[in-house]
Amino acid sequence: MSPSPPDDAAAPLDDPQDAIDAAGDGKGDGLDPRVREHTAGDAQTGIPFIGAGPGDPGLLTLRGKALVDDADLVVHAGSLVSSDLLEEHCAHAELVNSVGKDLEELVPLMKDAHEDGRTVVRLHSGDPAVYGAALEQIDALERAGVPAYFVPGVTSAFASAATLRTQLTLNGVADHVAFTRPQGRTLDPEDDHIAEFVEMGDVTTCIYLGTHAVAETMDRLLDDGVDPDTPVAVVYHASWPDEDVLVGTVADIGGKLDEAGYRASAMVLIGEAATGAGYERSYLYGDWANGGSDDSTAETEADD
Ligand SMILES: C[S@@+](CC[C@H](N)C(=O)[O-])C[C@H]1O[C@@H](n2cnc3c(N)ncnc32)[C@H](O)[C@@H]1O
């Protein structure tokens, strides 16, 4: 988060980039001074930026639910936040869809409502820390004198792993996870690292924002020499009532997705872990549990 909002009169909303730069300049030792005052679960003052989770209202956190239950104004991320969740938890509040609104419109809208004494919450899909564009809103709000903070949520990659009844990390299969997106409007081709992650072999690659480009992404992977038989799972609308799962390989998942017709709102997982097959029993519930470790300081899943 950015430094405390100024005590004096709120600065007018200027160029949001100035707010971002000023917030960066204010991070004395590299961190916002409030980092050591709060834990991620603390109730704080200001506008909460809440992770709504992947869709199922039951996957909203208890903290998030308490905040939306209490809200007068909910600014939400449009079709990425499920209508079930909005109906179940936000029916009492004014709802504003943020899609199509720029920072110059969104920030004064939230600031004015907050200063009018209304309880404002900002609802992002999944977790706001993943492809959420939340920090720029927080920095602009704080520059304008309105404190704001994050409330984490369940990101769609985690919900997709649960749907697939697997883990993103699996002993002997995948020790690493990459959250990535394909080359697109905001990424140059040279910033597209999907092939590099997949070629590492022991990485589960989770592609956000790539539903419309699965066939192109797989073609690029094949051009880059990735094994065509590498497993791929696509979870559309994880945890929604119309959730769907497609499974295939780098060679054939593009055709399957074109046939299904999904162009948005799906998570693409590449790697052996997507299938949940072929892993080895873990050290944690094997040799380590049986006293095989003499390294009492080593971190294990038990204390992670
Ligand atoms: C703008 S990003 C937001 C991601 C979000 N902050 C999160 O943590 O899941 C939107 C992308 O997230 C993925 N996504 C969001 N909700 C999803 C769901 N319920 N099932 C599958 N993918 C989802 C899709 O790849 C979509 O294109």
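Above this text you will find the structure in question.
Attention in this report is confined to the structure presented alongside it.

What counts, and where the lines are drawn
- Sequence order as written defines the numbering, with residues in each chain counted from 1.
- Local features in this predicted model are restricted to residues of pLDDT 70 or higher, and side-chain atom pairs are both shown and tallied only at a pLDDT of 80 or more, whereas totals for entire chains, interfaces and linings draw on every residue.
- Counts of 20 or more other C-beta atoms within 10 Å of a residue's own C-beta define buried residues, counts of 12 or fewer define exposed ones, and intermediate counts define partly exposed ones; C-beta atoms are placed from the backbone.
- Helix numbers and strand numbers start at the N terminus; a helix is a DSSP run of H or I with at least 4 residues, a strand a run of E with at least 2.
- We call two residues in contact whenever the C-beta atoms placed from their backbones are within 7 Å.
- Two strands pair under a simple rule: DSSP has to find at least two bridges between them.
- Axis geometry follows a simple rule: fit a line to the C-alpha atoms, using only the stretch in contact for helices, then measure angles between N-to-C directions, giving values from 0 to 180 degrees.
- As used throughout, a nonpolar core is a set of buried Ala, Val, Leu, Ile, Met, Phe, Trp, Tyr and Cys residues joined through C-beta atoms within 7 Å of each other.
- Domain boundaries shown here were taken from an automatic or database domain assignment.
- Residue proximity rests on one test: whether the C-beta atom, placed from the backbone, lies within 6 Å of the molecule or strand.
- Nonpolar residues are Ala, Val, Leu, Ile, Met, Phe, Trp, Tyr, Cys and Pro. Charged residues are Asp, Glu, Lys and Arg, and all others, Gly as well, are polar.

Side note on helix H6 (residues 156-163)
In step 1: Across the eight residues that make up H6, a large majority, seven, are buried.
In step 2: Among the residues making up H6, those that are buried are Ser156, Ala157, Phe158, Ala159, Ser160, Ala161 and Thr163.
In step 3: Next to the buried residues of H6 lie strand E6 (176-180), strand E7 (203-207), strand E8 (231-236), strand E9 (244-249) and strand E10 (266-270).
In step 4: Remark: Arg165 follows H6 within two positions and exhibits a positive phi of approximately 55 degrees.

As for the environment of Asp202
In step 1: Note on placement: Asp202 falls in the loop between helix H7 (194-200) and E7.
In step 2: Judged by the 14 C-beta atoms lying within 10 Å of it, Asp202 falls in the partly exposed class.
In step 3: Along the chain, Asp202 and Asp175 lie 27 residues apart, while their C-alpha atoms are 5.8 Å from each other.
In step 4: Look past the residues within four positions of Asp202 in its chain and what remains in contact with it is Ala174, Asp175 and His176.

Regarding the environment of Val235
In step 1: Looking at the element boundaries, Val235 is found in strand E8.
In step 2: C-alpha of Val235 to C-alpha of Ala161: the two residues are 74 residues apart in sequence and 8.9 Å apart in space.
In step 3: With residues up to four places along the chain from it excluded, the contact list for Val235 reads Ser160, Thr163, Leu164, Glu243, Val245, Ala266 and Met267.

Re the sheet that holds E6
Backbone-to-backbone hydrogen bonds join strands into a sheet, with any given pair of strands oriented parallel or antiparallel.
In step 1: If you trace the five strands from one edge of the open sheet to the other, you get E6-E7-E10-E8-E9, paired in mixed fashion. A strand with exactly one partner marks an edge of an open sheet, and here the two such strands are E6 and E9. Neighbour to neighbour, the strand axes of the sheet diverge by 20 degrees on average, direction disregarded.
In step 2: In the sheet, E6 pairs with E7 via five bridges, with the strands oriented parallel.

Some thoughts on the nonpolar core
Across soluble globular proteins, nonpolar side chains show a tendency to be buried alongside one another.
In step 1: With 71 residues, the main nonpolar core has Ala71, Val74, Val121, Leu141, Val232, Val234 and Val268 as its most contacted residues.
In step 2: When we break this core down by domain, the ones giving at least three residues each are domain 1 (16-153) and domain 2 (157-275).
In step 3: Once residues lying within four places of it in the same chain are set aside, the contact partners of Val268 are Ile207, Gly210, Val214, Val232 and Val234.

Topic: the site of the ligand
In step 1: Neighbouring the ligand are 25 residues, the closest being Pro54, Gly126, Thr155, Ser156 and Ala238.
In step 2: Elements with a minimum of two residues in the shell around the ligand: H6 and E10.
In step 3: Here the shell around the ligand is built from residues that sort into 12 nonpolar, 12 polar and one charged.

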